[in-house]
Every structure is written in structure tokens, then in C-alpha cells.
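Structural characterization, general
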Amino acid sequence: RFIFKNPKDLLSLYNALNDTDYTDVSDLTVTTLDDIVYMSYKNDISFILGSEMSLFEHQSTFNPNMPLRGLFYFSSLYKKYVAENNIDIYSSKRAQIPIPRYIIFYNGRQEMPERCTLRLSDAFSKVCDTTEDKTSQFIFQPAMEITAHMININIGNNAELMKKCRLLYDYAAFIGLIRDYVSQENDINTAVTLAINQAISHNILKEVLSVHIAEVRDMILTEYNEEQHIKNEKNISYDDGFNDGKIEAIKNMIKLNVPKDKILECYSEAEYNAAIKDDRN
């Protein structure tokens, strides 16, 4: 979102995806929702160009629920479009709205194909077979579908696209450098500094990093710290649950008059004492 905030760069990405050659940034209307948040996620970039409303999302982990999230995003985007264009949805005249296009740029560690399609219907609680209403002769199908096209932008994938849009390639290369240095260095600050320095020296995102180095550092460190916090909280929850389970098991063994020495063959003295104390409480 930060890298493609410039309409000129966003236009170059659109051109690379669609084999078009738009040059006038005034043809592009950015519609990114800055004030709409769903489950702590904002939509990354959305814009209207010609007859299309495009939503570009980035994912560093595979998320099969992107079509469902897209449903919420597009709903908000169309509400905004209808209001801004004074469209009367109660009119007898059919409203004209832009065609939705949903692209997900993926650069997670999980192996994924170069391109794949995610559909909202994959999330439906059961397979929907078309059924025929014998009285009306109509074929009934699910009322809606959202289609998201996921593009793998890890280095080595979609070479033609990356060649057409150098900024997209640089972004993927930079993230690769960050991951390499984080895996090599104990200190995250050192890792980020080394990755940024190497990127600049190799002309990777040089213009962006040279001007916004402090901002980019803060974004990377914030995201890394959030990921670590979530991971730590999960570990703590697991450990707490695991320890609670052991205490309950020891308490049950005591109630069944299992000798202490037999219990200590399976659990530690500290765990045994914790169970005794918890039972008294």
C-alpha cells in the first residue's frame, strides 16, 4: 500500500497486469477505504479505471477467506460509489456500476502456485447443486459469487509480470532480503538495517528507501513485533492450557488413590505440589 500509493506507480502495475498502456493518471480514481476497518484489516488499494473497479490486496500468509473479505470490501466500495455518483437504486432505470476485479498479491513462505483462483462458493457450508423448481421451471443457484485471483510474487514466480513492473519485482526482492537477514541475525534491528543497506546498494527500491528509510524501518519492525507478539500469546495460551491439563490429571489420580511415587513417575514434584495446592483452594 505504501509503495504503490503514487497513482503513476499504481497505473504501471495495472498496465503490467492487463497488457495495457495507460499513461494519464487522471484516468485513475483511487477509492481506497481509509476509514473502513473490518476485523482490524483495511483494504490495501482500490481504484476505478475505465469501467473497472479494482481491488488489490497483499497477503504474506495464505488466507482462503479472502473472497469473503472481498465481499465486505466491495460492498463498502459500491455503497461509496453509489453515494458519490448520486445513483438512485430505487429507480426503475437500471444503475450502471463498474465491473469488480479482485487481485491478491501473495508472497508468503507457504508454497503456492504462480496463480490460482479463490471463490466465495468454496466457503459455502455444503456443495450447492442447482435444483429445478418444478412449478416455475427456473434453475436456482447460489445468489452470489466473489472471485479472487491470487498471484504469487515471490522471486522466481510470474517472471513476465515482474519484468513489466519493476517496482513489484523490487518489492518482492526486498522482502526476500528482509527474510534472509532475519533468519541470520539474532537482533531484528540489525537484520532490517542490513537488508535496507543491501537493497539500496543493489538499486532495489532505492528511490523509496533513500527518502523514506525511517518510515520503512518502522513499518517492518512494527509488523515483525506484532507477529512475534501473536506467536508468543499463542504459545502462552498453549502452555497455560497444557499445564492446567496436567494439574487436573494429577488431581484425578489423587482422587483415585494412586500412590504419590507412581504419580511422580509421570509428573514432577513441582507439578504434584501445584495440584495439591489447587485442590485445597
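Placed above this text is the structure.
Right, let's walk through the structure included here. (Residues numbered from 1 in each chain as written. Predicted model: local features only at pLDDT ≥ 70, side-chain atom pairs only at ≥ 80, totals over all residues. Heavy atoms only, no water.)

Below, the discussion takes up the pattern of salt bridges. Scanning all chains against the criterion turns up four salt bridges. For Asp19, the salt bridge identified is with Lys164, shortest N-O distance 2.2 Å. With a gap of 145 residues between them, Asp19 in the loop between helix 1 (7–18) and strand 1 (28–30) and Lys164 in helix 3 (residues 159–164) connect regions that are remote in the sequence. You can call Asp19 exposed: its relative accessible area is 58%. Take Lys164: its relative accessible area is 39%, and that puts it in the partly exposed class. A salt bridge links Lys260 to Glu269; its shortest N-O distance comes to 3.2 Å. (Salt bridge = Lys/Arg side-chain N within 4 Å of Asp/Glu carboxyl O. Helix = DSSP H or I, 4+ residues; strand = E, 2+ residues; numbered from the N terminus. Buried < 20%, exposed > 50% of the residue type's maximum accessible area, 1.4 Å probe, protein only.)

Inspection of every chain in the model, using the stated rule, returns six aromatic pairs. Measuring from centroid to centroid gives 6.0 Å for Tyr14 and Tyr22, while their planes differ by 65°, and the two rings are edge-to-face. Take Tyr14: its relative accessible area is 4%, and that puts it in the buried class. When the centroid spacing of 5.8 Å and the interplanar angle of 85° are considered together, the rings of Phe74 and Tyr102 count as edge-to-face. You can see Phe74 sitting in helix 2 (residues 66–84) and its partner Tyr102 sitting in strand 4 (residues 99–106), a full 28 residues away along the chain. The same class applies to Phe74 and to Tyr102, which are both buried. (Phe/Tyr/Trp six-rings, centres within 6.5 Å; stacked < 30°, edge-to-face > 60°.)

Right, let's get into the nonpolar core. With 44 residues, the main nonpolar core has Phe4, Phe47, Phe56, Phe105, Leu168 and Phe174 as its most contacted residues. Secondary-structure elements contributing two or more residues to this core are helix 1, strand 2 (45–49), strand 4, helix 3, helix 4 (166–184), helix 5 (188–201) and helix 6 (206–255). With ten residues, helix 4 is the largest single contributor of residues to this core. Ignoring sequence-local partners within four residues, the contact set of Phe4 consists of Asp9, Leu10, Leu13, Ile45, Cys165, Leu167 and Leu168. (Core = buried A, V, L, I, M, F, W, Y, C linked by side-chain atoms within 4.5 Å. Contact = heavy atoms within 4.5 Å.)

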